[in-house]
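# Geometric and topological summary
Spelled out from the first residue to the last, the chains are:
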Amino acid sequence: MIRLQNIEKVYRTDTVETLALNSISLDIAKGEFLSIMGPSGCGKSTLLNIIGLLDIPTKGEIKIDEQKTDSLSDKQLANFRNKKLGFIFQSYHLINDLKVLDNVELPLLYRESSAKERKDLASEALGKVGLSNRVKHFPTQLSGGQKQRVAIARAIVGRPEIILADEPTGNLDSTMGNEVMDILLNLNKSDGTTIVMVTHDENMAKKTHRLVRLFDGSQVQ
Amino acid sequence: MLKNYFKIAIAVLKRRKFFTFISLFGISFTLTIMMVLAAFIENVIGNDYPDRKRDRSLYITSMEERGKNAMSSGSPSFYFLNKYAATLKTPAKISICSNGGNSTNTYVNNKKIAINYKYTDANYWDILEYDFVEGKAFDAQQVKNGEHVAVISEGLKKEYFGDIPSVVGKYIEADNVQYRISGVVKNVPITTYMLYSDIYIPYTVSKIDYLNKDYQGGYIAILLAASKADLQKISNEYDDVMKRVPMENKDFDHMNCRAESYMRSFLNTGNEDSSGLTEALTAIGVFTLIVMLLPTINLININVTRIMERSSEIGVRKAFGASSKTLVYQFIVENLILTLLGGLIGIILSYIIIQIINSADLIPYFVIKMNLMVLLIALLICFVFGLFSGVYPAWRMSKLNVVTALKEQ
């Protein structure tokens, strides 16, 4: 489903060149739940951003569903992300000015859909993460675990085939972390959603199908 | 989508109330100035009382004579107009009247009243459509006989006679002469300066010798065409006549005295090198630019700051499928909502200010009205303002790198 070939990412400033990713090749199958681990600064998030087409590799090629992504225009990329990908971030990145339901509806705003459809789909997604009773709340009125569940609802509302989660349990205590992990596992199992998760937590990683370890930008496992 | 933008726009406005206040104050204050100005100009230009046939009229209001060492400009004289304009064949009707710059004092119950007076012929009342509150105009015979009759304005009637139902047949004194009132007309605002007056009297009673053979002398002519199509014919005939007019004296070798449309004659400076219209438009343009520029720059500045606060939102939107173009659109829409809100406040403020100006009676008989045209102009100004102050910040926002944007909190 996702194929990375010799991905290299170099950050350049006037004086320094930093190699963030070094020749990463990775095949992720449809329906797989993959976790990426490694120490801070090893390039985990950079890799996830590149898989999510949020960042461009300096070298190498990414194919998603056999489609090459390097030649897509800004609009095509946006469209591609909207249809195929869902994102979950460590710090949730909810829009505090919008109610929970509006936050979850967000990806649907960028595709053809009526207001009613959006509302129905967003309510359904919130139901899946057990937050049907919080639709009219603002993010600031929720706990960390609830916020992350809203973020998951937002990631799945457009029914993407791939979910990219950057330390989704990183800011949560173990109980809440487990709740969130259970939701992700369930999504993977019941809907067959492909999930790529960056994590620091060995226990969480163990629950996934496969673990990739990075060290100083290189794949070590 | 728009509903979502609206929600966000309102939420952003609520977030930093001080910034919002500064933005809205800047926008509404600027728009108030622009709207009051637009309302003023629109009412000055748009008011077609009493010359409702102005679209098929030409006006001769000024004259310029030039020589190597001399230059003289002013209104043409009765003699000049009577000789060269009144004899034209193509106009349906021609009227000659004084240009409205005459004023005198009159006294009633020991109270001094300053009045403007205007000499007219009988055609004046046919070409112009004054609304008579009572009585009627003086006729050609009365003009010919030099009768001391007058048409007065409603305002003067009230001031001179107080609240009495009818004054036709009564006498009014102006410049130590008693005039019998033949009619009372609705007030003409002073901004229609060519036709404004408190009292209208036959030119034949003029104390100044209206047959004085100077070319210049405080009169104007109105040439009425039978149809709009005839305007060009009149203009051509008049130009032909003008070519044959001998110079007034040796000092001059060139003379310019045009028959022009209402707008051009209204703004005429008497200078043949510039129409007055150009100068007026330039002045309005420069004023608009100055008044709009500072708040626009200010708003751009505030917008840029506010956008940077929203980088996380921008990152999220991009990640979930918003293209740069969509984001530019969103931000411009948000900014338009802000400016329209400011515009709404501006309209209310303008309305209040216009009411104050009207009730203070700063300009005699001139009432500024907020009509549909003024509102449309206001809307257009808001739109342009919103667009200009939104485009650059929106463009900057859309260029934000997603990863960088998401790192910001």
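### A short note on the overall build of chain A
Within chain A, the regular secondary structure consists of 7 helices and 10 strands. Residues classed as buried in chain A amount to 53% of the 221 residues present. A fraction of 73% describes how many contacts in chain A between residues 6 or more apart in sequence connect residues 24 or more apart. For chain A, the computed accessible surface area is about 9,900 Å², with 46% contributed by carbon and sulfur atoms. One finds the centroid of the 29 positive side-chain charges in chain A at a distance of 4 Å from the centroid of its 28 negative side-chain charges.

### What about the sheet that holds strand E10 (residues 218-219) of chain A?
All names here are of chain A. Strands sit in the order E6-E7-E8-E3-E9-E10 across an open sheet of 6 strands; the sheet is mixed. Edge positions in the open sheet fall to strand E6 (85-88) and E10, since each of these has one partner strand only. Each of strand E3 (33-37), E6, strand E7 (162-166), strand E8 (194-198) and strand E9 (210-215) is contacted by helix H1 (residues 44-51), which is oriented at about 155 degrees to E7, the strand it contacts most. The sheet strands contacting helix H2 (residues 74-84) are E6 and E7, and the helix crosses E6 at an angle near 75 degrees.

### Brief notes about the interface of chain A and chain B
Many analyses report the size of an interface as the accessible area lost when the parts associate. Each partner contributes residues to the interface: chain A has 24 residues there, and chain B has 26 residues. Carbon and sulfur atoms make up 60% of the area that chain A and chain B hide from each other, which totals about 2,200 Å². The three residues of chain A that bury the most area against chain B are His93(A), Asp97(A) and Tyr110(A), which together make up 29% of that side's buried surface. There are 6 residue pairs in polar contact (both at pLDDT 80 or more) connecting chain A and chain B. Within the residue set of the side of chain A that touches chain B, elements represented by two or more residues are H2, E6, helix H3 (100-109) and helix H5 (144-156) of chain A. Here the residues of the side of chain A that touches chain B sort into 11 nonpolar, 5 polar and 8 charged.

### A short note on the pattern of salt bridges
A side chain of one charge can pair with a side chain of the opposite charge when the charged atoms of the two come close. Throughout the structure, instances matching the rule amount to 27 salt bridges over all chains. In this structure, Lys233(B) engages Asp230(B) in a salt bridge whose closest nitrogen and oxygen atoms are separated by 3.3 Å. Within this pair, Lys233(B) and its partner Asp230(B) are both found in helix H7 (residues 230-244), separated by 3 residues, close to a single helical turn. Given a relative accessible area of 49%, Lys233(B) falls into the partly exposed group. Beyond isolated ion pairs, a larger network of salt bridges with shared partners links Lys30(A), Asp65(A), Lys84(A) and Glu161(A).

### With respect to the side chain of Thr30(B)
All names here are of chain B. With respect to the element layout, Thr-30 can be found in helix H2 (residues 17-46). Looking at Thr-30, its side chain comes within polar contact range of the main-chain oxygen of Gly-26, at 2.5 Å. Ignoring sequence-local partners within four residues, the contact set of Thr-30 consists of Val-291, Met-292, Pro-295 and Phe-385.

### A closer look at the packing of helix H9 (residues 277-309) of chain B against helix H11 (residues 324-360) of chain B
Residues and elements named next belong to chain B. Between H9 and H11, whose axes approach to 13 Å, the crossing angle comes to 130 degrees. Viewed along their axes, H9 and H11 adopt a mutual orientation that is oblique. Once H9 is placed against H11, the crossing between them reads as right-handed. In this structure, H9 uses Leu-299, Asn-303 and Ile-307 to contact H11, whose residues at the interface are Phe-331, Asn-335, Leu-338 and Thr-339. Each residue belonging to the contact of H9 with H11 can be placed in one class, and the counts come to 4 nonpolar, 3 polar and no charged.

Procedures and definitions
One numbering rule holds for all chains: residues counted from 1, following each sequence as written. A letter from A marks each chain and a number from 1 marks each ligand, given out in the order of writing. Totals for whole chains, interfaces and linings use every residue, but because this is a predicted model, local features are given only for residues with pLDDT of at least 70 and side-chain atom pairs only at 80 or more, for both listing and counting. Only heavy atoms go into the side-chain values, all of them from the structure, while hydrogens and water stay out. Helix and strand assignments come from DSSP, with helices taken as H or I runs of at least 4 residues and strands as E runs of at least 2, each series counted from the N terminus. Relative accessibility decides the category of a residue: with a 1.4 Å probe and only protein chains considered, values under 20% of the type maximum give buried, values over 50% give exposed, and everything between is partly exposed. A contact between two residues is defined here by any heavy atoms of the two lying within 4.5 Å. Using a 1.4 Å probe, accessible areas were evaluated by the Shrake-Rupley method; residue-level cover was limited to the displayed protein chains. When charges are counted, Lys and Arg contribute as positive and Asp and Glu as negative, whereas His and the chain ends are disregarded. We put the charge of a Lys on NZ, of an Arg on CZ, of an Asp on CG and of a Glu on CD. When DSSP finds two or more bridges between a pair of strands, those strands are recorded as paired. What counts as an axis is a line fitted to C-alpha atoms, over the stretch in contact for a helix, and the angles between N-to-C directions run from 0 to 180 degrees. As a working definition, buried area equals the accessible area (1.4 Å probe) given up by two parts on being put together, with both sides summed. Counting of polar contacts relies on pairs of N or O atoms within 3.5 Å, with two restrictions inside protein: one atom must be capable of donating a hydrogen and the other of accepting it, and residues adjacent in sequence are counted only when both atoms are side-chain atoms. Charged means Asp, Glu, Lys or Arg here, nonpolar means Ala, Val, Leu, Ile, Met, Phe, Trp, Tyr, Cys or Pro, and polar covers whatever is left, Gly included. What counts as a salt bridge is simple: a side-chain nitrogen of Lys or Arg found within 4 Å of a carboxyl oxygen of Asp or Glu. Working rule for angles: under 35 degrees goes down as roughly parallel, over 145 as roughly antiparallel, 65 to 115 as roughly perpendicular, anything else as oblique. In a left-handed crossing the near helix is turned counterclockwise from the far helix by less than a right angle, and in a right-handed crossing that turn is clockwise.

By themselves, these are just geometric observations and shouldn't be taken as functional.
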